[in-house]
Amino acid sequence: YKFALALVLLGLSFILLKVGIVCSPDEKVNLLWVVLFYFVFSIGELALSPIGLSMITMLAPKNLVGMLMGVWFLSLSMGFALSAKLANLSDIPRDATNALLGDSHTYAHTFTIFGIGGIIVGALVLCCAPFLTRLMDEHAHRAAVKAAGAKG
């Protein structure tokens, strides 16, 4: 559930940027919107990363924990590369005649897409959470039975 909440927070942080752009009549976004974005985004990131690392150490076979931690960090690097490609969605052509209005509209649209995407993925994870929780509980039960059998 925390993982889903983290994804929703990340999506909401981008929606905050879009709202900041829309609420700025003179095309200059107030710095408070940016600070609020980073605050919500950081809270979401702080909830996301430790949970992912914890799940790897908890659910991975003991002899594969190190390798799967590496896979986790590799997936982060692939995410950073993908985010660079997605940033091109908001690329403004250099020859734009009204660059200021083009920037505002394009950035607001891009932030909306990122925000809605994060919220949708968070909702999907939330729908899967009961199933995943049940699987993790079964895994923990089997591990406890196995450990008790090894001691006795």
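What you see is a predicted model; the values in this text were computed from it and never measured.

## So, the packing of helix H1 (residues 2-22) against helix H2 (residues 31-59)
- The interhelical angle for the contact between H1 and H2, taken along N-to-C directions, is 165°, at an axis separation of 8 Å. Regarding the angle of H1 to H2, the classification is roughly antiparallel. For H1 against H2, the interelement crossing comes out left-handed. Along its contact with H1, which presents Lys2, Phe3, Ala6, Leu7, Leu9, Leu10, Ser13, Phe14, Leu16, Leu17, Val19 and Gly20, the element H2 presents Trp33, Leu36, Phe37, Val40, Phe41, Ile43, Gly44, Glu45, Ala47, Leu48, Ile51 and Gly52.

## Focus on the packing of aromatic side chains
- Considering all chains together, one arrives at six aromatic pairs under this definition.
- Chaining the aromatic ring pairs together yields one cluster made of Phe14, Phe37, Tyr38, Phe41, Phe111 and Phe114.

## Quick notes on the environment of Leu32
- With respect to the secondary-structure elements, Leu32 resides in helix H2.
- On the basis of relative accessible area, Leu32 is assigned to the exposed category, the value being 61%.
- In sequence terms Leu32 and Gly20 are twelve residues apart; their C-alpha atoms lie 8.8 Å from each other.

## Let's talk about the confidence of the model for the protein
- On average, residues of the protein carry a pLDDT of 83, and 89% of them reach 70 or more.
- When the elements of the protein are averaged for pLDDT, helix H4 (residues 99-151) gives the smallest value, 80, and H1 the largest, 90.

## Side note on the layout of surface pockets
- Its boundaries defined by the atoms lining it, the largest pocket holds a volume of some 920 Å³.
- Leu10, Phe41, Leu48, Gly79 and Ser83 are the residues nearest the centre of the largest pocket, which is lined by 22 residues in total.
- Contributing elements (two or more residues each) for the lining of the largest pocket: H1, H2, helix H3 (65-87) and H4.
- Looking at which element gives the most residues to the lining of the largest pocket, the answer is H3, with eight residues.
- Considered class by class, the residues forming the lining of the largest pocket number 14 nonpolar, seven polar and one charged.
- Taken as a whole, the second largest pocket holds about 360 Å³ of empty space.
- Contributing to the lining of the second largest pocket are 15 residues, with Tyr1, Phe3, Ile51, Met55 and Met136 lying nearest its centre.

## Notes on the nonpolar core
- Counting residues in each nonpolar core, the largest one holds six residues, listed as Phe14, Leu17, Ile21, Phe37, Ala108 and Phe111.
- When contributions to this core are tallied by element, the ones reaching two or more residues are H1 and H4.
- Looking at this core, the element that brings in the most residues is H1, giving three residues.
- In this structure Phe14 touches Phe37, Phe41, Phe111, Phe114 and Gly115, once residues within four positions along its chain are discounted.
- Formed by five residues, the second largest nonpolar core is a distinct cluster that contains Ala60, Val65, Met69 and Trp72.

The rules behind the values
- Residues numbered from 1 in each chain as written.
- Predicted model: local features only at pLDDT ≥ 70, side-chain atom pairs only at ≥ 80, totals over all residues.
- Heavy atoms only, no water.
- Axes fitted to C-alpha atoms, helices over the stretch in contact; angles between N-to-C directions.
- Helix = DSSP H or I, 4+ residues; strand = E, 2+ residues; numbered from the N terminus.
- Parallel < 35°, antiparallel > 145°, perpendicular 65-115°, else oblique.
- Left-handed = near helix turned anticlockwise from the far one by under 90°.
- Contact = heavy atoms within 4.5 Å.
- Phe/Tyr/Trp six-rings, centres within 6.5 Å; stacked < 30°, edge-to-face > 60°.
- Buried < 20%, exposed > 50% of the residue type's maximum accessible area, 1.4 Å probe, protein only.
- pLDDT = per-residue confidence, 0-100.
- 1 Å grid on protein atoms, 1.4 Å probe; cavity = no way out; pocket = protein on both sides within 12 Å on 5 of 7 lines; lining within 4 Å.
- Points joined across faces, edges and corners; volume = space filled by probe spheres on them.
- Nonpolar A, V, L, I, M, F, W, Y, C, P; charged D, E, K, R; others polar.
- Core = buried A, V, L, I, M, F, W, Y, C linked by side-chain atoms within 4.5 Å.

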